[in-house]
Amino acid sequence: MERATDRRFAFSFFLLFVVFLAVDCAGPPPGPALRSLAGSPNLVLPLFLSPANSTRRSPGSRRFLSRQLAANARMRLYDDLLANGYYTTRLFIGSPPQEFALIVDSGSTVTYVPCSTCEQCGNHQDPRFQPDLSSTYEPVKCSVACTCDQDQKQCTYERQYAEMSSSSGVLGEDLISFGTESELKPQRAIFGCENSETGDLFSQRADGIIGLGRGQLSIMDQLVSKGVIGDSFSLCYGGMDIGGGAMVLGEITPPTDMVFSPSNSARSPYYNIELKSIDVDGRLLKLDPRIFDGKHGTVLDSGTTYAYLPKEAFLAFKDAIMSKLHSLKQIPGPDPNYKDICFSGARSDVSQLSNIFPKVHMVFGNGEKLLLSPENYLFRHSKVSGAYCLGVFQNGKDRTTLLGGIIVRNTLVTYDRQNEKIGFWKTNCSELWERLHMGGASSPTPLVSATSTISDSPAPSPAVLPDHFEIGLITFDMSLNITYAELLPHKKELAVLIAHELGVNTNQVHLINITSEGNTTRVRWEIIPDGSSSYFSSSTAMTIISRLTEHQVHLPENFGSYQLVEWNIVPPSRRTWWGKHAVAIVVGISLVILLSFSTLLVWYFWRQSKVFSTYRPVDAPVPEQELQPL
């Protein structure tokens, strides 16, 4: 979904009641609340309030459980917040497991996937859930506590969102698995099996939503109520251009330098923090601290893309940032429909942005500070290289402060629901497990993690290529999160960008094949040596490969995020010059002979036409000729 569809809408402008027609017998009554639409980066939508006497245990019982629990579910995150509008994780439902890509949403309390019986569901990433194929599936039976289907046999649910998207279906219960890296064994849980979806929910690529909010049907509340995990979860979003990340359901040991903010569940039904002030380049903004405590306070929502501040706070923040950027030129944004605040003249290397843009700190009520790097408040201009735009906007007339995923890129965020606080720790999310000293699983690789293959088996591995090793060709496949029709008009532009990012000439980059894969497009590229050389040196080849595998290829947002699917290296051919060009020589000689023969035929027929064309009538006078002497 395009960020243009919802980015400027205010938090309360679209505040509506969500209709939740059916829940299990312990389900909370409907009430007003907020969430961001899964798949829509910025639109803020209603969510149900949890009653004060929900199934979440008292603090004492939670502490008792947490001392005995060690298991948690480690899961990888995929996609990219700015390019896709969301992050997804993989969840497995049923026996045997059926796999789904679900949007991670801390503002939602329901997990749902499309059902095989769905009459109005979009074309999503994975096949629909088939209850008949799962030996452990059970419908949530109809009761007085829920709205039932027409046959009065199964509980139903229905959700309607402010921009007219909706999801409805039946409630079922089945085994839910969390992947091979999870310590947590499969658990039975209630989820929604969609029979209808409309709007953005219909068109999004992801299959559905995994709800991490506060509420009886939240996957977190269900697992905590079973006593299988502690009442905490953590998210770690990849940095600018990286995407991906990691998620942990359950408790982890927080780093010693993690920064915490209180989170008062009685203050708001959403995950909130106590933001008191913001400083830019070491200077506090001249604002009344109460400005960040209006309406719903300061809300942290994983399903929202950007950050939204009340008017006074936004204007002060914008002016403070712009006052530090005298060396840059202000330019129009990528979308003419919006007045984005953008600057050109910066570098493309994200690691160097701190030398140009000021550092920002959020100051919490307990006095602790969270550092915001430039990637936490900027996004790349999709049409101008080296240009960036502010990812912080005014929240209309709403007094709520809404902090989306951009604020916490490359930041581990721990939602400690048991102790009612939220922790922040700046880190490289692709190295999370090592940094946390958590064994038993490999680190969550960036979005562009690849499986490398060598086309010629005797060739040594690229990681240990000797200096004299020669490479004749490099090929790689990349999967772009845009459709075939969107990519086709820009394939030449993409080739130029690929060449620039890999540090090679444009004539070295050849597009081999483009294949449509639904909402994504797979592109195969070929990199050949420059000029008359027949091979790359090992160092040159490894530089190119490293830029690919370490995600140093930065593409504008209009190309979406990408995954490096596969790369190959091919040794140079050892044939002689004559061997390499034999076919061309034979073809050339054949063409010369054919052309010569054709020329002779044309000349012959031309001469013959001249002879036959000298016709004279019978009575035509003929000049006298002398007889030759005998």
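The preceding data block contains the structure.
Keep in mind it's a predicted model, so treat the numbers as computed, not measured.

**Re the sheet that holds strand E16 (residues 275-280)**
- An order of E17-E16-E22-E23 is seen for the 4 strands of this open sheet, with the pairing classed as antiparallel. A single partner strand is all that each edge strand has here, and the edge strands are strand E17 (283-284) and strand E23 (369-372).
- As paired elements, E16 and strand E22 (residues 360-364) share 5 bridges and run antiparallel to each other. Residue Leu-275 lies in a different strand from E22, and its bridge partner there is Phe-364.
- Sitting on the sheet, helix H5 (residues 311-322) is in contact with E16 and E22, with an inclination near 20° to E16.

**Side note on empty space enclosed by the protein**
- According to the stated counting rule, one finds 7 cavities of 30 Å³ or more in the structure shown.
- Secondary-structure elements contributing two or more residues to the lining of the largest cavity are helix H2 (81-84) and strand E24 (378-380).
- Here the lining of the largest cavity is built from residues that sort into 10 nonpolar, 5 polar and 5 charged.
- Looking at the second largest cavity, its volume works out to about 80 Å³.
- Lining the second largest cavity are Leu-275, Ile-278, Ala-307, Leu-309, Phe-317, Val-360, Met-362, Leu-372, Tyr-377, Val-392, Leu-403 and Ile-407.
- Taken together, the elements giving at least two residues each to the lining of the second largest cavity come down to E16, strand E19 (307-309) and E22.
- When the residues that make up the lining of the second largest cavity are grouped by side-chain class, the tally is 12 nonpolar, no polar and no charged.

**Examining the state of the cysteines**
- If you walk through the whole model with that rule in mind, you get 6 disulfides.
- Bridging Cys-146 to Cys-155, the disulfide has an S-S length of 2.1 Å. With the S-S bond torsion at -75°, the cross-link from Cys-146 to Cys-155 turns out left-handed. Here the two residues Cys-146 and Cys-155 agree in accessibility, since each one is buried.
- The residue that forms a disulfide with Cys-236 is Cys-429, at a sulfur-sulfur distance of 2.0 Å. Judged by the torsion about the S-S bond (-85°), the Cys-236/Cys-429 disulfide is left-handed. Residue Cys-236 is located in strand E12 (residues 232-237), and its partner Cys-429 is located in the loop between strand E29 (421-426) and helix H6 (432-436); the two are separated by 193 residues in the primary sequence.

**Re the nonpolar core**
- Counting residues in each nonpolar core, the largest one holds 91 residues, and the members touching the most others are Leu-212, Leu-249, Phe-317 and Phe-357.
- Counting 30 residues, the second-largest nonpolar core is a separate cluster that includes Leu-494, Tyr-562, Leu-564 and Ile-569.

**Things to note about the pattern of salt bridges**
- Tallied over the full model, the rule gives 16 salt bridges.
- Between Asp-126 and Arg-90 there is a salt bridge, and its shortest N-O distance comes to 3.1 Å. Of the two residues, Asp-126 is situated in the loop between strand E6 (112-114) and strand E7 (138-139) and Arg-90 in strand E4 (residues 88-93); the sequence distance between them amounts to 36 residues.

**Focus: the sheet that holds strand E18 (residues 298-300)**
- Reading across from one edge, E15-E18-E27-E19-E26 is the order of the 5 strands in this open sheet, with mixed pairing throughout. One side of each edge strand has no neighbouring strand; the edge strands of this open sheet are strand E15 (272-273) and strand E26 (392-394).
- Where E19 meets E26, 3 bridges bridge the pair, whose relative direction is parallel. Following the sheet pairing, Leu-309 is matched in E26 by Gln-394.
- Here H5 sits on the sheet in contact with E19 and E26, set at roughly 135° to E26.

**Details of helix H4 (residues 219-226)**
- Taken across its 8 residues, H4 has 6 buried, putting it largely inside the fold.
- Where H4 is concerned, the buried positions are Ile-219, Met-220, Asp-221, Gln-222, Leu-223 and Val-224.
- Taken from the residues just after H4, Gly-227 is the one with a positive phi, measuring 80°.

**Side note on unusual backbone geometry**
- Geometrically, the link from Ser-95 to Pro-96 is a cis peptide bond, its omega value of 0° lying close to zero.
- Here Pro-96 lies in the loop between E4 and strand E5 (98-105).
- Of note in the backbone geometry, Gln-152 takes a positive phi value of approximately 60° without being a glycine.
- By the secondary structure assignment, Gln-152 is in the loop between E7 and strand E8 (156-160).

**Section: a nonpolar patch on the surface**
- The grouping of Phe-597, Leu-601, Trp-603, Tyr-604, Phe-605 and Trp-606 at the surface amounts to a nonpolar patch, some 720 Å² of accessible area in total.
- Looking at the element boundaries, Trp-606 is found in helix H10 (residues 577-612).

Each value, and the rule that gives it
Residues numbered from 1 in each chain as written. Predicted model: local features only at pLDDT ≥ 70, side-chain atom pairs only at ≥ 80, totals over all residues. Heavy atoms only, no water. Pairing = 2+ DSSP bridges. Helix = DSSP H or I, 4+ residues; strand = E, 2+ residues; numbered from the N terminus. Contact = heavy atoms within 4.5 Å. Axes fitted to C-alpha atoms, helices over the stretch in contact; angles between N-to-C directions. 1 Å grid on protein atoms, 1.4 Å probe; cavity = no way out; pocket = protein on both sides within 12 Å on 5 of 7 lines; lining within 4 Å. Points joined across faces, edges and corners; volume = space filled by probe spheres on them. Nonpolar A, V, L, I, M, F, W, Y, C, P; charged D, E, K, R; others polar. Disulfide = S-S within 2.5 Å. Buried < 20%, exposed > 50% of the residue type's maximum accessible area, 1.4 Å probe, protein only. Core = buried A, V, L, I, M, F, W, Y, C linked by side-chain atoms within 4.5 Å. Salt bridge = Lys/Arg side-chain N within 4 Å of Asp/Glu carboxyl O. Patch = residues over 30% accessible without salt bridge, like charges linked within 9 Å, V, L, I, M, F, W, Y side chains within 5 Å. Areas by Shrake-Rupley, 256 points an atom, 1.4 Å probe, with all protein chains shown as cover.

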